Each structure stands twice: as structure tokens, then as C-alpha cells.
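Single-letter residue listing:
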Amino acid sequence: MAQLSISVIVGSVREGRISLPIAKWVMERIASRVEFDAELLDLAEWNLPMFAAPNPPATGRYTGEKQRAWAERIGATDGYILVAPEYNHGISAVLKNALDTVYAEWGRKPVAFVAHGGMGGARSVEQLRQVTAAMEMAPLSAAVHLQGAAKLREGDRFNAGEIEDRRLSALFDELLWWGRALKAARGGN
């Protein structure tokens, strides 16, 4: 069976952010899974402008070069892992903006969450589940909530323990099942 294309999206652009080391940990672990072809999408590198285009994304009439490039990248992916910080009991603005910049390209694909922050990022994930469901994505029940993530950071490395690795492996298993099912339903191989 063909590999699933997965985008691991870094949901923070803050200087010194822990989201990037966490996303690199996710990429290291997913690389051992032959079922996936994963790519890291760092929102700091994409530098998407705050959405202010004249056409709602649901129309598919994208006007900006970055918006069209983002649509192409998101549309080429079979599923997503959002590395989601919790800012002020919710979603980071940059991650919400990345979701809002395009529309149809996200639809009918699974989305999983690796969260950190207050309460292990639980409040961010709850909001993201509502937003992604409204965008016709399939938010998975499996999520990795990293309690005390800062204590597991050494420079630009995230040193997860056995428990975190097990939870991430379970997330990959669920992402694989839903990714294959939804790809087949969309008419993919």
C-alpha cells in the first residue's frame, strides 16, 4: 500500500518556542514508520500574513502567492499532525490563521494533535477539534498531551520518555487507520 503523506505543522513562531523541538521529536519518531512520508511545515518559515484576502477561503478563489502556495502544500497532504501550544487557554493565533488561510484543501483528511502548555495543551486541542471538524477535517481522538514539556527540553532537543513515545506511537496507529480509510474514500490509492 502507498505511503501516506503527513504534514507535521509547528503551531508557534515565538522566539525560543518549545513547539519546534517537539515537532522534531515527532519527525524522528514518524521516520521509523514505513507507512508514512512526513514533512515538517514550520509556520515561522511560511510566514503567512494574517488572513485579510477579499475572498473567503471557502470560495477557493485564492489571490495571494503565499495563499496559493499554502493551498498547494496542504492539498497534497493525506493527513496532519498539529504541534499545538496552548496560549491563554486556547489556540495560538498563528496556527488558527494557518487553518483559516485555505479551506477545501484540509477537508476529509485526518488531523491529530501533539499539545503542550497549561493542562498539557488540552484546552487548545478541544478548540482545535471544534475548528477542524467545522472545516470538514476528521479530528482524531488520540492526542499526545505533554505535561511539563519544558522539563524535557535540552536546548533544541525534546527528550521524551517511554510514556510519551508510547502515546505518540498510538497516535500514529490511529492516524494510519483514518488516513488510509479517508484516502480510499476520497478515491486515492
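This one's a predicted model, so the numbers in the text were calculated from it and none came from an experiment.

Some points on the overall build of the protein chain
Next up, step 1: The secondary structure content of the protein chain amounts to 6 helices and 7 strands.
Next up, step 2: Element order for the protein chain, N to C, with α for helix and β for strand: β-α-β-α-α-β-α-β-α-β-β-β-α.
Next up, step 3: Whereas a compact globule of 189 residues would reach a radius of gyration of roughly 16 Å, the protein chain reaches 16 Å, a difference of no more than 12%.
Next up, step 4: Seen through its C-alpha atoms, the protein chain measures out along the principal axes to roughly 45 × 40 × 25 Å.

Quick look at the nonpolar core
Next up, step 1: Membership of the largest hydrophobic core comes to 28 residues, with the highest contact counts inside it found for I22, W25, I81 and V114.
Next up, step 2: Elements that contribute at least two residues to this core include exactly strand 1 (4–10), helix 1 (19–30), strand 3 (79–85), strand 4 (110–116), strand 5 (138–146) and helix 6 (162–186).
Next up, step 3: No other element matches the 7 residues that helix 1 contributes to this core.
Next up, step 4: Excluding anything up to four places from it in sequence, I81 contacts I6, S7, V8, I9, V26, I30, A112, V114, L171, F172 and L175.

What to know about the pattern of salt bridges
In a structure, side chains of opposite charge can pair up when their charged atoms sit close to one another.
Next up, step 1: Per the counting criterion, the structure on display carries 14 salt bridges.
Next up, step 2: With a closest N to O distance of 3.3 Å, K183 and D78 form a salt bridge. With K183 in helix 6 and D78 in the loop between helix 3 (65–75) and strand 3, this residue pair connects regions lying 105 residues apart in the sequence.
Next up, step 3: The exposure class assigned to D78 is buried, which follows from its relative accessible area of 9%.

Things to note about the side chain of S5
Next up, step 1: Along the chain, the position of S5 falls in strand 1.
Next up, step 2: Judged by relative accessible area, S5 falls into the buried class, the value being 14%.
Next up, step 3: Beyond its immediate chain neighbours, meaning those up to four positions away, S5 contacts D37, R73, A76, T77, D78 and G79.

Re the sheet that holds strand 3
Next up, step 1: Read across the open sheet, the 5 strands follow the order 2-1-3-4-5; overall the sheet is parallel. In the strand order of this sheet, the two ends are held by strand 2 (36–42) and strand 5, each with one partner. Averaged over all pairs of adjacent strands, the angle between strand axes in this sheet comes to 20 degrees, irrespective of strand direction.
Next up, step 2: Across 5 bridges, strand 1 lies against strand 3 in parallel orientation. Paired with V10 across the bridge in strand 3 is V83.

Points about the environment of T63
Next up, step 1: Its place among the elements puts T63 in the loop between helix 2 (43–46) and helix 3.
Next up, step 2: Among the residues examined, T63 registers a relative accessible area of 42% and is labelled partly exposed.
Next up, step 3: Counting along the chain gives 38 residues from T63 to T101, while the straight-line C-alpha distance between them is 11 Å.
Next up, step 4: In contact with T63, other than residues within four places in its own chain, are A53, P54, N55 and R68.

Considerations on helix 6
Next up, step 1: Helix length check: helix 6 (25 residues) gives 36 Å between terminal C-alpha atoms against 36 Å at 1.5 Å per residue, within 8%.
Next up, step 2: Taken together, the buried positions of helix 6 are occupied by E164, L168, L171, F172, E174, L175, L176, G179, L182 and K183.
Next up, step 3: Packed against the buried residues of helix 6 are strand 1, helix 1, strand 2, strand 3, strand 4 and strand 5.
Next up, step 4: Backbone geometry just after helix 6 places G187 at a positive phi near 95 degrees.

What counts, and where the lines are drawn
Residues numbered from 1 in each chain as written. Predicted model: local features only at pLDDT ≥ 70, side-chain atom pairs only at ≥ 80, totals over all residues. Heavy atoms only, no water. Helix = DSSP H or I, 4+ residues; strand = E, 2+ residues; numbered from the N terminus. Rg over C-alpha atoms; globule rule 2.2 N^0.38 Å. Core = buried A, V, L, I, M, F, W, Y, C linked by side-chain atoms within 4.5 Å. Buried < 20%, exposed > 50% of the residue type's maximum accessible area, 1.4 Å probe, protein only. Contact = heavy atoms within 4.5 Å. Salt bridge = Lys/Arg side-chain N within 4 Å of Asp/Glu carboxyl O. Pairing = 2+ DSSP bridges. Axes fitted to C-alpha atoms, helices over the stretch in contact; angles between N-to-C directions. Expected span 1.5 Å × (residues − 1).

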